[in-house]
Amino acid sequence: DTGVSQNPRHKITKRGQNVTFRCDPISEHNRLYWYRQTLGQGPEFLTYFQNEAQLEKSRLLSDRFSAERPKGSFSTLEIQRTEQGDSAMYLCASSGGHGYTFGSGTRLTVV
Amino acid sequence: GDSVTQMEGPVTLSEEAFLTINCTYTATGYPSLFWYVQYPGEGLQLLLKATKADDKGSNKGFEATYRKETTSFHLEKGSVQVSDSAVYFCALYPATSSNTGKLIFGQGTTLQVKP
């Protein structure tokens, strides 16, 4: 197993466009998390899945954000009508109950 | 709500100097405490953890002791190396039984070690 994989690593998009990120967790991990990290800050929780069920969403996750985890495997995070304030590192992590493993993140720049 | 506060950075040290990065927390009960490290262009890696009061976590020469009386979890290393240059995050896992496993992070402290 190669850990948690996130794609793309970098994404530059124009304001108003939609973007989608993918996270492939460690295969035996049933928990999957999305965090957002802005420059100079620590990661902030966005949402959590247990298997395919999305069990918690942060208030940071506005209605322009949607996350899915079909079949309890990989997950996608979509941002519609991107804004400059969405520019950040989006981190995915998975857990099997004995600690987290983070991916390398997707850095989004909205121009 | 629960929160984590870290000392402001950047921290700049010469190689072989002693390192302390302060971390204090606010939480109900007895949270689990963590230090993560983030090297440039990479994700967060767990450095060490402690799950109950007076526990000492240690890894790669780094140590931190869970101090309930001062609500602190300061990170220390006796002799830093250039390769330790990174951003260090203190984090907690709340003690509430309904918690989904989400971590609460401090803002991070950048460490720069010069040869």
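Look up a bit, the structure's there.
Owing to the predicted nature of the structure, the values given are computational and were not obtained by experimental measurement. (Residues numbered from 1 in each chain as written. Chains lettered and ligands numbered in written order. Predicted model: local features only at pLDDT ≥ 70, side-chain atom pairs only at ≥ 80, totals over all residues. Heavy atoms only, no water.)

## Observations regarding the pairing of strand S7 (residues 65-68) of chain A
Residue and element names in this part refer to chain A. What you see with S7 is a clean split: Phe-65 and Ala-67 sit on the buried side and Ser-66 and Glu-68 on the side with no burial. In the sheet, S7 pairs with strand S8 (residues 75-79) via 4 bridges, with the strands oriented antiparallel. Bridge assignment links Ala-67 to a residue of S8, and that residue is Leu-77. In this structure, the hairpin formed by S7 and S8 is closed by a connection of 6 residues, where Lys-71 is found at a positive phi of approximately 60°. (Buried < 20%, exposed > 50% of the residue type's maximum accessible area, 1.4 Å probe, protein only. Helix = DSSP H or I, 4+ residues; strand = E, 2+ residues; numbered from the N terminus. Pairing = 2+ DSSP bridges.)

## Here we look at the packing of aromatic side chains
If you walk through the whole model with that rule in mind, you get 16 aromatic pairs over all chains. Taking the centre distance of 5.0 Å and the plane angle of 20° together, the rings of Tyr-33 of chain A and Tyr-48 of chain A count as stacked. Taken together, the residues span a long stretch of sequence, with Tyr-33 of chain A in strand S4 (residues 31-37) and Tyr-48 of chain A in strand S5 (residues 44-50) at a distance of 15 residues. With respect to burial, Tyr-33 of chain A and Tyr-48 of chain A carry one shared label: buried. Aromatic pair Tyr-35 of chain A and Phe-45 of chain A: ring centres 6.0 Å apart, planes at 75°, arrangement edge-to-face. Here Tyr-35 of chain A, found in strand S4, pairs with Phe-45 of chain A, found in strand S5; they are 10 residues apart in sequence, far enough to count as distant. Both residues of the pair, Tyr-35 of chain A and Phe-45 of chain A, belong to the buried class. Each member of the aromatic cluster is reached from another via a ring pair, and the members are Tyr-33, Tyr-35, Phe-45, Tyr-48, Tyr-100 and Phe-102 of chain A together with Phe-34, Tyr-36, Phe-89 and Phe-105 of chain B. In this structure, Arg-22 of chain A packs its charged tip against the face of Phe-74 of chain A, placed 3.9 Å from the ring centre. Over the ring of Tyr-30 of chain B we find Lys-68 of chain B; its NZ or CZ atom is 4.4 Å from the centre of that ring. (Phe/Tyr/Trp six-rings, centres within 6.5 Å; stacked < 30°, edge-to-face > 60°. Lys NZ or Arg CZ within 6 Å of the ring centre and 35° of its normal.)

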